[in-house]
Number of protein chains: 2
Amino acid sequence: MADLATVAAEATATAVDPANWTCPAPLRDQPVVVMGHGGGGALSAELIDQVFAPAYGNPTLAALTDSAVLDLGGARVAFSTDSYVVRPLFFPGGSLGDLAVNGTVNDLAMSGARPAYLSAAFVLEEGVELAVVERIAHAVGAAARAADVIIATGDTKVVESGHGDGVYVTTAGVGLVPDGVDIRPQRARPGDAVIVSGPIGLHGVAIMSVREGLEFGIEIASDTAPLAGLVADMLAVTRDIHVLRDPTRGGLGTSLNEIARASGTGVRLRERAIPVPDEVVNACGFLGLDPLYVANEGRLVAFVPPQEAEAVLAAMRAHPQGGGAVLVGECVEDHPGMVVVATALGGTRVVDLPLGEQLPRIC
Amino acid sequence: MADLATVAAEATATAVDPANWTCPAPLRDQPVVVMGHGGGGALSAELIDQVFAPAYGNPTLAALTDSAVLDLGGARVAFSTDSYVVRPLFFPGGSLGDLAVNGTVNDLAMSGARPAYLSAAFVLEEGVELAVVERIAHAVGAAARAADVIIATGDTKVVESGHGDGVYVTTAGVGLVPDGVDIRPQRARPGDAVIVSGPIGLHGVAIMSVREGLEFGIEIASDTAPLAGLVADMLAVTRDIHVLRDPTRGGLGTSLNEIARASGTGVRLRERAIPVPDEVVNACGFLGLDPLYVANEGRLVAFVPPQEAEAVLAAMRAHPQGGGAVLVGECVEDHPGMVVVATALGGTRVVDLPLGEQLPRIC
């Protein structure tokens, strides 16, 4: 990375000359950012591995979990951030404001934390109606109250027309991780039960339906919801939950790949057990999408010790956000780092890590 | 605000109809966002007071300090966020990456906190050179190391060409507030000494010089720098520092107005004591700007009890970021909430809160 360090050290006020810069391989031989770099798949991972991690050079970031767990004055504090650039701003079941709160609340919850405080930074495009800003702000406030978190600090910047898209919001959040809780993808181990909290694919299909003006006969609403309460109920059963992940960008298939790779275990799913609603099956068939890679905003996947699976499932099903919880597979010693599905026809297929998100700007 | 609550409650997937929406007065009778809403002046304050505060409805935000001080598991944690949309991305003395780290580090330091961890969320525009992203990332990493903070978590989103401007970065940060420290604008009181840590106006003039292609005979570099070390040295003299503020957007004049209004005290400055470098005087004269409203990125203004002023000044001058520290005025009982300058000619003039920032996208 010597060349890259030199590039950074020589940062000056002059324009960059792409002709004199060597792209770190592979990055798919692109010298420029493509939409896939924001998709949460392989291109995003390369951007982190090859650009951000070397630039920041610290062990905390390397964990690459949804949120970092830090020591602050003796307290175990989870800390997370996400930018929200979803298009359109409003969709069936929610808005960018709901995603900005629930997404960060859920990232904190995926480390077992009890989310407490959020920040909200708005980048507004000149000319956007103040009514739109206000609707987003009220959605942020309502979602925060529903998730029992406080918007503690914020910022507003404005960029010229043509340099934004109405409203972008970046939230960060902090929460306390209870004693004895150690939830991270590295802790998946053979034998773990793999549980999904409910039907998948609804958020992505809801966005597509409005973005493309499609009608699927029935309105499909995003599943955006806060999951911290569900996680608290699961932790009341056992603190020994190994992994939690909310399969947003890239869907369940991407999340499971990340967990398999981080832990070095295999994941085996039963296709028939995966809860895909009929309307998602139909819409995905129409659009040529694989439901396993469609984004969710109010679902989680949990890896739990097999002896705890039934009790955790029962606790999940008793919670409003986990009514549709099902066991979809298990962690295996075979094919370490890989995810496979046992199909309804008796075969198996590999679920690989996609290059990017099928639907750009899904969150 | 009943109408606004109704608007929010009725948020649906339909487009907003500005014709059926009443703008909360005054917001300068604008139904749309203008650049000044991001300028940190009166328009920004109205946006907070009339849109964000009612939407979020919580007491923590209402403090309106640079950072919120929260209780997390018994620890006093400062929490802050800012989005950085400066144009151009690189300028004499720094880059957007430096601002993104130093700006949030300084917001934390202005509550007396020792900054510890930052998040960094990138919104990239499709087509921007990866070399540019990498230079910004390396600037973030280098600035974090210089400020002794860790980039603990991050995010990357990509928007289509024409919906961004290369790179936007939003950072959030957390740090610990030492026991016995209570620094906030409400604590200014008559008699307080008003100290500025060094020459003002350099960041704004540096940005203007490259943005407009101006040459002022001598290159003027941004003053971007982390201030947490300087604050720690000041707190070693006395924990009874009343107010700290880094006068970024809107400059020293805006920060002093915010402090005067929050505390209900008057501020009286001596014009001759305000440290404005000759090159800033010249550039501002040429550009028609008032140095009191030009942005700084590595300066602070402190309100300290008069009996501590000499010792605090001495500690500041012994620190690399405070070598140019000077007493510029004091807090008075006269004209509560107002800032006035005693001019060199023996008169006085009022320093009012500007509507917005003179230079858009300065940070």
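Everything quoted here is computed from the prediction, not taken from an experiment.

Calculation rules
- Residues numbered from 1 in each chain as written.
- Chains lettered and ligands numbered in written order.
- Predicted model: local features only at pLDDT ≥ 70, side-chain atom pairs only at ≥ 80, totals over all residues.
- Heavy atoms only, no water.
- Least-squares fit on C-alpha atoms with pLDDT ≥ 70 in both.
- Contact = heavy atoms within 4.5 Å.
- Buried < 20%, exposed > 50% of the residue type's maximum accessible area, 1.4 Å probe, protein only.
- Helix = DSSP H or I, 4+ residues; strand = E, 2+ residues; numbered from the N terminus.
- Pairing = 2+ DSSP bridges.
- Buried area = accessible area lost by both parts, 1.4 Å probe.
- Salt bridge = Lys/Arg side-chain N within 4 Å of Asp/Glu carboxyl O.
- Polar contact = N/O pair within 3.5 Å; in protein donor to acceptor, adjacent residues only side chain to side chain.
- Axes fitted to C-alpha atoms, helices over the stretch in contact; angles between N-to-C directions.
- pLDDT = per-residue confidence, 0-100.

1. Topic: the relation of the copies chain B and chain A
For the pair chain B and chain A, the best superposition has an RMSD of 0.0 Å and corresponds to a rotation of 180 degrees with a translation of 0.0 Å parallel to the axis. Given the turn and translation reported, the copies of this chain are related as if by a two-fold rotation axis. An overlap of 99% is found between the interface residues of chain B and their copies at the interface of chain A, pointing to a shared contact surface.

2. Re the pairing of strand S1 (residues 68-72) of chain A
By the alternation rule, side chains of S1(A) split into Ala68(A), Leu70(A) and Leu72(A), which are all buried, and Val69(A) and Asp71(A), of which none is buried. In this antiparallel pair of consecutive strands, S1(A) and strand S2 (residues 75-84) of chain A, the connection spans two residues, and Gly73(A) shows a positive phi of 60 degrees.

3. Topic: the interface of chain B and chain A
Residue-level contacts link 101 residues of chain B with 100 residues of chain A. Taken over both partners, the interface formed by chain B and chain A buries close to 8400 Å², and the fraction arising from carbon and sulfur atoms is 68%. Broken down residue by residue, the surface that chain B buries against chain A is led by Val33(B), Leu130(B) and Arg135(B), which jointly contribute 9%. Of the charged contacts in the structure, one is a salt bridge between Asp155(A) and Arg249(B), with a shortest N-O distance of 2.9 Å. Across the contact surface, chain B and chain A share 25 residue pairs in polar contact (both at pLDDT 80 or more). The greatest single-element share of the side of chain B that touches chain A, amounting to eleven residues, is contributed by helix H5 (residues 130-147) of chain B.

4. Re the sheet that holds strand S5 (residues 114-125) of chain B
Either a parallel or an antiparallel arrangement is found when strands of a sheet pair, and the pairing is made through backbone hydrogen bonds. Taken in spatial order, the five strands make up an open sheet running S1-S2-S7-S5-S6 (chain B), and their pairing is mixed. Taken across any chain shown, the strands that pair with only one partner, and hence form the sheet edges, are strand S1 (68-72) and strand S6 (150-159) of chain B. Across this sheet, the average inter-strand angle for adjacent strands is 20 degrees, counted without regard to direction. Of the strand pairs in this sheet, S5(B) and strand S7 (residues 167-176) of chain B are connected by ten bridges, and their pairing is antiparallel. From the neighbouring strand, Leu124(B) faces S7(B), where its bridge partner is Val167(B). Packing against the sheet, helix H2 (residues 42-56) of chain A makes contact with S5 and S6 of chain B, and its axis sits at approximately 145 degrees to S5(B). Sitting on the sheet, helix H4 (residues 96-109) of chain B touches strand S2 (75-84), S5 and S7 of chain B, and the angle it makes with S2(B) is about 150 degrees.

5. A closer look at the pairing of S6(B)
All names here are of chain B. Within S6, eight of the ten residues are buried, which leaves the element mostly enclosed by the surrounding structure. Inspection of the sheet shows S5 paired to S6 by nine bridges, in the parallel sense. Residue pairing for S6: Ala 120 is matched across the bridge by Gly 154.

6. Examining the confidence of the model for chain A
Confidence in the prediction of chain A, expressed as mean pLDDT, is 89, and 90% of residues score 70 or more. Between residues 1-26 of chain A, whose pLDDT stays under 50, and residues either more than four places distant or in other chains, the model counts 35 contacts.

7. Considering unusual backbone geometry
Of note, the amide linkage connecting Arg87(A) to Pro88(A) takes the cis form, showing an omega dihedral of -5 degrees. Relative to the elements of secondary structure, Pro88(A) occurs in the loop between S2 and strand S3 (90-91). The phi angle at Arg361(A) is positive, at roughly 50 degrees, despite the residue not being glycine. As for its placement among the helices and strands, Arg361(A) is situated in the segment after strand S14 (348-351). Given a relative accessible area of 6%, Arg361(A) falls into the buried group. Although it is not a glycine, His335(B) adopts a positive phi angle of roughly 30 degrees. A residue is classified by how much of its surface remains accessible, and His335(B), at 22% relative accessible area, is partly exposed.

8. Some points on the environment of Gly266(A)
Residues and elements named next belong to chain A. Within the secondary structure layout, Gly 266 lies in strand S10 (residues 266-270). Overall, the relative accessible area of 0% leaves Gly 266 in the buried class. Each C-alpha atom of the pair Gly 266 and Met 338 lies 5.1 Å from the other, and the pair is 72 residues apart in sequence. Apart from the residues within four sequence positions on either side, Gly 266 is in contact with Glu 330, Cys 331, Val 332, Asp 334, His 335, Pro 336, Gly 337 and Met 338.

9. Brief notes about helix H6 (residues 202-211) of chain B
Residues and elements named next belong to chain B. With nine of ten residues buried, H6 lies mostly within the body of the structure. Taken together, the buried positions of H6 are occupied by Leu 202, His 203, Gly 204, Val 205, Ala 206, Ile 207, Met 208, Ser 209 and Arg 211. In this fold, the buried residues of H6 make contact with strand S3 (90-91), H4 and helix H9 (278-287). Looking one or two residues past H6, Gly 213 carries a phi angle of roughly 65 degrees, positive in sign.

10. Regarding the environment of Gly112(A)
All names here are of chain A. With respect to the helices and strands, Gly 112 occurs in the loop between helix H4 (96-109) and strand S5 (114-125). Owing to a relative accessible area of 4%, Gly 112 belongs among the buried residues under this scheme. Discounting chain neighbours no more than four positions away, the residues touching Gly 112 are Leu 176, Pro 178, Val 181, Ile 183, Val 231 and Leu 235.

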